[in-house]
Amino acid sequence: QRKHQIVIVGGGAGGLSVASAALNQRPGLDIAVIEPSESHYYQPAWTLVGGGAYDIDATQRAEADCMPRQAHWIKQRVATFEPDHNQVTLEDGSTVGYDYLVTAAGIQLDWGKIEGLEATLGKNGVTSNYSFELAPYTWECIRNFRGGKALFTYPATPIKCAGAPQKILYLAADHFRRNGIKADVHFCTAGNAMFGVPFYSEALDQVMAYYGAAPDYKHNLVAVDGPHKKAIFEVGDDKKRVAVDFDMIHVVPPQSPPDFIKTSPLANEAGWVAVNAGTLRHDKYANVFGLGDCTSTPNSKTAAAVRAQSRVLVPNLLAVIDGEEPAQVYDGYASCPLTTSKGKMMLAEFVYGGKITPSFPADPRVPRRTYWWMKTTLLPKMYWDMVQGRPGPDWHAEREFPKALPAIQP
Ligand code: FAD
């Protein structure tokens with residue numbers, strides 16, 4: 001049987017950040033990364049691609065170029081976990097043993113849960129920034145929009161980057177406004193607020209009002225009829241089915257823990273890898289850690305969270321290898337760069353409990369041009385640095401701001 005000291009499942013943002021940082025700190029480690037994909041994607045820029053502000057090709061790099069040289073890349077998919085035997089089984093039936101396991105397999109996109117969606121994605125004005133193939137089509141839909149109804153949906157499940165469904169709405173609304181295109185823009189969300197953190201949500205209400213966009217709460221998309229351009233929603237607590245005509249629709253698919261995790265002994269009842277919200281160590285298996293979108297930690301699922309988590313996970317893992325207890329604690333940090341127009345961004349940063357923890361002392365509810373520059377230039381660079389084990393500076397801190405909303409000019 002193949003065996004490695006550390007096995008990392010998933011070579012995305014979390015897996016590669018941990019592999020690289022651990023090897024930077026201890027070059028002698030024997031690390032294997034199990035990752036089936038030939039490509040690594042910088043997903044946070046897909047919003048910009050959909051808004052016509054970023055080149056899709058710049059979001060993709062060969063996985064081989066991102067993988068740390070000293071790591072063993074096993075180019076396969078994990079099928080099952082056997083943590084009681086310290087091994088995983090791959091899709092070809094072979095097993096890989098480990099002393100320590102790190103799970104970083106991301107979140108699963110359940111496109112099939114919306115009836116008719118898969119048949120019409122990429123045509124009939126039906127698009128989604130949640131895929132490399134489709135993000136460029138979002139821009140095509142926006143650019144070719146000549147007026148009418150534009151819908152932007154948010155599903156009834158946890159998702160990665162909770163801000164992404166509305167960021168693209170703002171980029172589209174801004175484009176329509178600048179070009180004098182009459183658009184009836186709706187944010188159709190299964191939820192009942194614009195954002196999970198009220199401090200930011202109130203500011204986003206203002207951004208919606210600025211564009212004259214309607215927030216349609218408790219609207220859960222369940223079916224799409226592409227050829228007839230109709231979206232079917234379950235509306236309200238009684239889930240009444242309502243058909244809405246559209247000229248374009250940006251769909252965010254329902255999401256869930258990957259099936260092979262849901263059914264594994266590592267999962268909690270909801271299917272996520274059950275790790276301690278602070279140390280990121282597994283609740284039951286002391287030699288297992290997890291980070292990123294696949295875990296049970298109640299933070300906002302973002303690459304920004306992965307950055308903060310890898311800073312905690314790597315020293316904790318090394319401590320456990322040395323026979324010590326994990327000492328570092330993740331505070332739930334996540335950030336959501338909300339593109340409020342093509343040219344400005346609101347940088348929502350927060351930790352567990354919705355505490356406001358911006359990196360900078362300026363009021364984070366104010367959309368700023370400097371943040372747009374960060375989003376298009378600095379953050380991509382910081383991401384590629386992060387997967388090479390250089391997570392960069394960390395300035396986030398709890399800061400006080402006046403209760404009253406500042407002037408919001410998207
Ligand atoms: P991923 O980076 O998705 O990596 C998971 C990896 O696991 C993949 O490479 C996959 O191939 C692999 N894998 C899956 N199944 C298996 C298996 N069975 N065996 C082995 N490997 C497997 N974050 C931000 O911080 N800011 C943003 O502005 C932002 N915007 C976003 C916009 C969009 C449209 C999207 C889609 C995402 C956005 N994100 C943003 C979220 C961010 O991309 C994710 O939170 C981040 O990539 C999570 O890292 P991860 O390692 O958990 O998962």
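Residues numbered from 1 in each chain as written. Predicted model: local features only at pLDDT ≥ 70, side-chain atom pairs only at ≥ 80, totals over all residues.

> Got a sec to walk through the overall build of the protein? Specific residues and values, please.
Tallying secondary structure elements over the protein gives ten helices and 22 strands in all. Over its C-alpha atoms, taken along the principal directions, the protein stretches across nearly 60 × 45 × 40 Å. Across the 410 residues that make up the protein, the buried fraction comes to 49%. Restricting the contact set of the protein to residue pairs at least 6 apart, pairs at least 24 apart contribute 68%. (Helix = DSSP H or I, 4+ residues; strand = E, 2+ residues; numbered from the N terminus. Buried ≥ 20, exposed ≤ 12 C-beta atoms within 10 Å, placed from the backbone. Contact = placed C-beta atoms within 7 Å.)

> Give me the UniProt feature "domain: FAD/NAD(P)-binding" (unreviewed entry) in the protein: which residues, what numbers.
If you check UniProt for "domain: FAD/NAD(P)-binding" (unreviewed entry), the listed places come out as residues 5-120 in our numbering. As annotated, residues 5-120 has a helix share of 22% and a strand share of 33%, and its two end C-alpha atoms lie 45 Å apart. (UniProt positions renumbered as here; feature names shortened; annotations may be inferred.)

> Give me the lowdown on the sheet that holds strand β10 (residues 126-127), citing residues and values where you can.
The five strands lie next to each other as β10-β17-β11-β12-β13, forming an open sheet whose pairing is parallel. Pairing within the sheet leaves two strands with one partner each, and these edge strands are β10 and β13 (214-216). Two strands pair when backbone bridges link them, and strand β11 (residues 148-154) and strand β12 (residues 183-189) are joined in this way by seven bridges, in the parallel orientation. Bridge pairing in β12 links K149 to D184. Packed on one face of the sheet, helix α6 (residues 164-178) meets β11, β12 and β17 (248-250) and runs near 160 degrees to β11. (Pairing = 2+ DSSP bridges. Axes fitted to C-alpha atoms, helices over the stretch in contact; angles between N-to-C directions.)

> An account of the site of the ligand is requested, with residue identities and associated values reported.
Taken together, 36 residues form the shell around the ligand, and within it G10, G12, G14, G106 and G292 come nearest. Only α1 (13-25), α2 (46-50) and α9 (303-321) provide two or more residues apiece to the shell around the ligand. Per-class residue counts for the shell around the ligand are 19 nonpolar, twelve polar and five charged. Mapped onto the domain boundaries, the shell around the ligand takes at least three residues apiece from domain 1 (2-108 + 257-321) and domain 2 (110-255). (Near = placed C-beta within 6 Å. Nonpolar A, V, L, I, M, F, W, Y, C, P; charged D, E, K, R; others polar. Domains from an automatic or database assignment.)

> Kindly report on the packing of α6 against helix α7 (residues 198-211), identifying the contributing residues and their values.
Between α6 and α7, whose axes approach to 10 Å, the crossing angle comes to 30 degrees. Comparing their axes, α7 and α6 come out roughly parallel. Relative to α7, α6 is oriented so that their crossing is left-handed. Residues Q166, Y170, A173 and R177 of α6 pack against L204, V207 and Y211 of α7. Of the residues that constitute the contact of α6 with α7, the class distribution is five nonpolar, one polar and one charged. (Parallel < 35°, antiparallel > 145°, perpendicular 65-115°, else oblique. Left-handed = near helix turned anticlockwise from the far one by under 90°.)

> Any details on the pairing of β12? Residues and values, ideally.
When a strand is regular, its side chains alternate between the sheet's two faces. In terms of burial, β12 is a largely internal element, six of the seven residues being buried. In this fold, β11 hands off to α6, which returns the chain to β12; that crossover is right-handed. As paired strands, β12 and β13 are joined by three bridges and run parallel to one another. Within β13, the residue paired with H186 across the bridge is A214. (Right-handed = clockwise from strand over helix to strand, strands pointing away.)

> Can you lay out α6 for me, pointing to particular residues and giving the numbers?
With 15 residues, α6 ought to run about 21 Å at 1.5 Å a step, and its terminal C-alpha atoms sit 21 Å apart, in line with that. Most of α6 sits out of view: twelve of its 15 residues are buried. Listed as buried for α6 are A164, P165, Q166, K167, I168, L169, Y170, L171, A172, A173, D174 and F176. Within two residues after α6, G180 carries a phi angle of roughly 65 degrees, on the positive side. (Expected span 1.5 Å × (residues − 1).)

> Hey, could you go over the nonpolar core for me, with residue numbers and the actual values?
Membership of the largest hydrophobic core comes to 123 residues, with the highest contact counts inside it found for V7, I8, V18, L169 and A173. Ranked by residue count, the leading element in this core is α9, at nine residues. Structurally, this core is a two-domain feature, drawing no fewer than three residues from each of domain 1 (2-108 + 257-321) and domain 2 (110-255). If we skip the residues at most four places from it in the chain, A173 touches A183, V185, Y211 and A213. (Core = buried A, V, L, I, M, F, W, Y, C linked by C-beta atoms within 7 Å.)

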